[in-house]
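# Structure assessment
Each chain, letter by letter, is given below.
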Amino acid sequence: MKKFFAVQLTALLLLLTSSIAFAAFEEKLEEGVDLSTIKKMAIAIPEFYKVSEREPTLEELTKDLSEAGIEASTLEIAPYEEVIAAIRRDTGIDVHSLEPAEAEKFFLKNVKHYADAYVVLTVANNSDKPWLFYYVYDAKTTKLIYTYSVQSRLLGHSAKDYFNTSKDFFRHFDDVAPQKLEGKERKAFQERQKEIRKSKSKIHRLDEKTGRNKVELVRKK
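Here's a quick rundown of the structure. Since the model is a prediction, treat every value here as computed from it, not as a measurement.

## Observations concerning the pattern of salt bridges
Tallied over the full model, the rule gives 9 salt bridges. A salt bridge links Asp94 to Arg88, with the shortest nitrogen-to-oxygen separation between them at 3.6 Å. A relative accessible area of 29% places Asp94 in the partly exposed class. Accessibility expressed as a relative area gives 37% for Arg88, which makes it partly exposed.

## Looking at the nonpolar core
Leu35, Val136, Tyr146, Phe169, Phe170 and Phe173 are the most contacted members of the largest nonpolar core, which totals 33 residues. Going through the elements one at a time, strand S2 (40–43), helix H2 (58–72), strand S4 (117–124), strand S5 (131–138), strand S6 (144–150) and helix H5 (159–176) are the ones with two or more residues in this core. If one sorts the elements of this core by residue count, H5 sits on top with 6 residues. Excluding anything up to four places from it in sequence, Val136 contacts Met41, Ala117, Tyr118, Val119, Lys143, Leu144, Ile145, Tyr146, Phe169 and Phe173. Counting 18 residues, the second largest nonpolar core, distinct from the first, contains Val83, Ile87, Ala103 and Tyr114.

Conventions adopted
Positions within a chain are numbered from 1, following the residues in the order the chain's sequence is written. Restriction of local features to residues with pLDDT of at least 70 applies here, the model being predicted, together with a cutoff of 80 or more for giving and counting side-chain atom pairs; totals for whole chains, interfaces and linings are based on all residues. Side-chain calculation: all heavy atoms of the structure are included, whereas hydrogens and water are not. Any Lys or Arg side-chain nitrogen located within 4 Å of an Asp or Glu carboxyl oxygen qualifies as a salt bridge. Three exposure classes are used, based on accessible area relative to the maximum for each residue type with a 1.4 Å probe and protein chains only: buried under 20%, partly exposed in between, and exposed over 50%. Think of a nonpolar core as a cluster: buried Ala, Val, Leu, Ile, Met, Phe, Trp, Tyr and Cys residues, connected wherever their side-chain atoms sit within 4.5 Å. Strands here are runs of E lasting at least two residues and helices are runs of H or I lasting at least four, both read from the DSSP assignment and numbered beginning at the N terminus. Throughout, a contact is declared for two residues whenever any of their heavy atoms are within 4.5 Å.

The following block contains the structure:
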């Protein structure tokens with residue numbers, strides 16, 4: 001009898017632990033949205049103000065968000081600076097020369113030419129534990145289509161934590177992308193994702209001498 005209760009207690013603890021882990025994030029898919037149609041996602045300037053020495057600057061956070069996507073996502077990622085360069089090439093306007101409000105407006109007006117969607121990371125860091133929000137918008141309409149937010153006792157005010165959390169976001173976005181598909185269509189979509197991950201794993205293999213990820217080594221230089 002004691003053994004039976006011990007097993008029950010262990011199962012309950014595992015369930016609670018899993019529930020706590022899953023409760024660390026929340027998501028919302030807007031009605032009628034099919035995320036599987038998104039092939040390319042652009043990175044927009046995050047909404048962020050540095051309050052801790054360990055946190056990245058806005059420029060570093062923008063770059064890290066791009067690199068997290070490139071490393072973890074099966075989507076094609078368009079970094080902010082690449083989109084800005086494309087806008088300058090096609091319009092003659094340097095977004096960097098504009099005031100922040102005008103720069104954002106011009107980015108939103110033109111991003112539809114370079115991606116299917118764009119993501120805005122908002123960092124609420126005015127408490128002990130930061131809260132990260134990832135808002136994904138349709139590039140053509142600029143309407144919100146998906147929201148992912150995360151707050152955890154393990155998430156601190158650091159560039160490393162923000163980077164790893166961003167990778168978690170992109171991985172989870174991959175997981176939910178085919179949920180509107182059914183049968184063979186969903187299976188084919190997931191197979192394509194597997195092939196992309198497989199090809200990326202060859203690029204992101206560990207360096208034989210240092211044991212560290214080669215992409216990570218490049219990122220920190």
